[in-house]
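# Secondary and tertiary structure notes
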Amino acid sequence: CAMLAGSGGAPRAAISMGKKDNKTAEKILGNCFVILLLMAVALTVLFFAFAPQLLTLFGASDQTLPYGVDYARIYILGSIFVLIVMGMNPFITTQGFAKISMMTTVIGAVINIILDPIFIFGLNMGAGGAALATVLSNVVSAVLFIVLLVTKSQRLSVRPGDCSVQGKELREILAIGVPASITNLMQSFAMTLTNRFLLPYGTENVAALGIALKVNMILMLIMVGFAFGAQPLLGYNYGANNRERLRDILKFDVLVQLVFSLVMTGVFLISAPQIIRIFMSDGGVIQAGSRILRCMVITMPLM
């Protein structure tokens, strides 16, 4: 949902701004904001009602299901704020406010870190406390994003008159957003299948996969950050028909990502056991996690 609105709308808004057509860019933002809210409400109702079934489908066992349901239902009720943060963030970056975008996200993360031990241990809320801390931190970030879009943005702002779903803008958003969403969805689907395949091999392998995924995700998110950082520049120069600068930006971004991925692949191949040991000291988990992590990072340069 957030990928559909953010990745589908922000590049289109950047192209329009490159053409000096800020009015169309604001219409695209308004359309994305409405789409985000409508889909968030629909998915909240659906996922809340079928949380146990979905968690079981994703590989939750009888032992972990109660904790998963406690966490998921609280998180799902506040998911609209999570989606606003993820979906509107690209529009902030598109206007050149990358530092402000980063700071609002960091503020939310710091609040989450502070509230986690208070709710989990201090108030004895367990998994539900972790979910509540995540939701409240995203509420703060979402409010900051909306305030910025309404009051501070010089080019794009959420205006009531633009908050509608219009055919032309919707088609342009879906043309980019749907492929990006499917790509993201299929990655989650693949991980779900992998989790289910590992269940018969014991909890050690499931835990090892979880740790390896989280570690690998750090590298992937850094690379995604470079990609998302380049998108507004690419879109703006494409809209402005500045093909020379467009090629220069693309070459630079590809070079940065390739060098980063090659270096980090080498580091993770050599240091996999030490990295897994940071999260868990069990010998079986370290051995399995190291093997899984090495298999994951070996293809990192192709990402």
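This is a predicted model, so every value here is computed, not measured.

The next point concerns the overall build of the chain. When you go through the chain residue by residue, the secondary structure sums to 11 helices and 0 strands. Beginning at the N terminus, the succession of helices and strands in the chain can be written as α-α-α-α-α-α-α-α-α-α-α. Here the chain holds 303 residues, and the buried ones make up 39% of them. Summarising the internal contacts of the chain: among those between residues at least 6 apart in sequence, 76% fall at separations of at least 24.

A separate point is unusual backbone geometry. A positive phi angle is found at asparagine 124, which is not glycine, with a value near 55 degrees. Note that asparagine 124 resides in the loop between α6 (98-122) and α7 (126-152). Phi at asparagine 241 is positive, roughly 60 degrees, even though this residue is not glycine. Within the secondary structure, asparagine 241 is located in the loop between α9 (203-239) and α10 (243-279).

For the rest of this paragraph, the subject is the packing of aromatic side chains. This structure, assessed with the given rule, holds 2 aromatic pairs. With 5.9 Å between their ring centres and 15 degrees between their planes, tyrosine 71 and tyrosine 75 make a pair best called stacked. Taken as a pair, tyrosine 71 and tyrosine 75 lie in helix α4 (residues 65-77) at a separation of 4 residues, close to a single helical turn. According to the relative accessible area criterion, tyrosine 71 is partly exposed, its value standing at 30%. The ring of phenylalanine 48 carries arginine 73 above its face, with NZ or CZ at 5.0 Å from the centroid.

Attention now moves to the confidence of the model for the chain. On average, residues of the chain score 81 in pLDDT, and 93% of them reach the 70 mark or higher. At the level of individual helices and strands, the chain shows its lowest average pLDDT in helix α8 (residues 167-198), which scores 78, and its highest in α10, which scores 91.

Note on soluble globular proteins: their nonpolar side chains tend to be buried together. Among the nonpolar cores identified, the biggest contains 25 residues, and Cys32, Leu36, Met88 and Phe91 are the most heavily contacted of them. Those elements that place two or more of their residues in this core are α1 (2-18), α2 (22-49), α5 (79-94) and α7. It is α2 that contributes the most residues to this core, 8 residues altogether. Among the nonpolar cores identified, the runner-up in size contains 23 residues, and Ala208, Val215, Ile286 and Val297 belong to it.

This part takes up the packing of α1 against α9. Relative placement of two packed helices is described by the angle separating their axes and the distance separating the axes. Close contact between α1 and α9 brings their axes to 6 Å; oriented N to C, the two are set at 40 degrees. Relative to α9, α1 is oriented oblique. Where α1 crosses over α9, the two elements pack in a sense that is right-handed. On α9, the residues touching Ser7, Pro11, Ala14, Ile15, Met17 and Gly18 of α1 are Phe228, Gln231, Pro232, Gly235, Tyr236, Tyr238 and Gly239. Taken together, the residues of the contact of α1 with α9 break down into 8 nonpolar, 5 polar and no charged.

Here the focus is the side chain of asparagine 31. By the element assignment, asparagine 31 lies in helix α2. Within the structure, asparagine 31 has its side chain in polar contact with the backbone oxygen of lysine 27 (distance 2.7 Å).

Mapped onto the elements, threonine 299 comes out in the segment after α11 (283-297). A residue is classified by how much of its surface remains accessible, and threonine 299, at 36% relative accessible area, is partly exposed. One polar contact links the side chain of threonine 299 to the main-chain carbonyl oxygen of methionine 296, over a distance of 3.2 Å.

Two elements in contact, α5 and α6, have axes whose closest approach is 7 Å; the angle formed by their N-to-C orientations is 150 degrees. Between α5 and α6, the interaxial angle falls into the category roughly antiparallel. Each of Asn89, Ile92 and Thr93 in α5 lies in contact with α6, whose residues at this interface are Ala98, Ser101 and Thr105. Considered class by class, the residues forming the contact of α5 with α6 number 2 nonpolar, 4 polar and no charged.

Definitions and cut-offs
- Residues numbered from 1 in each chain as written.
- Predicted model: local features only at pLDDT ≥ 70, side-chain atom pairs only at ≥ 80, totals over all residues.
- Heavy atoms only, no water.
- Helix = DSSP H or I, 4+ residues; strand = E, 2+ residues; numbered from the N terminus.
- Buried < 20%, exposed > 50% of the residue type's maximum accessible area, 1.4 Å probe, protein only.
- Contact = heavy atoms within 4.5 Å.
- Phe/Tyr/Trp six-rings, centres within 6.5 Å; stacked < 30°, edge-to-face > 60°.
- Lys NZ or Arg CZ within 6 Å of the ring centre and 35° of its normal.
- pLDDT = per-residue confidence, 0-100.
- Core = buried A, V, L, I, M, F, W, Y, C linked by side-chain atoms within 4.5 Å.
- Axes fitted to C-alpha atoms, helices over the stretch in contact; angles between N-to-C directions.
- Parallel < 35°, antiparallel > 145°, perpendicular 65-115°, else oblique.
- Left-handed = near helix turned anticlockwise from the far one by under 90°.
- Nonpolar A, V, L, I, M, F, W, Y, C, P; charged D, E, K, R; others polar.
- Polar contact = N/O pair within 3.5 Å; in protein donor to acceptor, adjacent residues only side chain to side chain.

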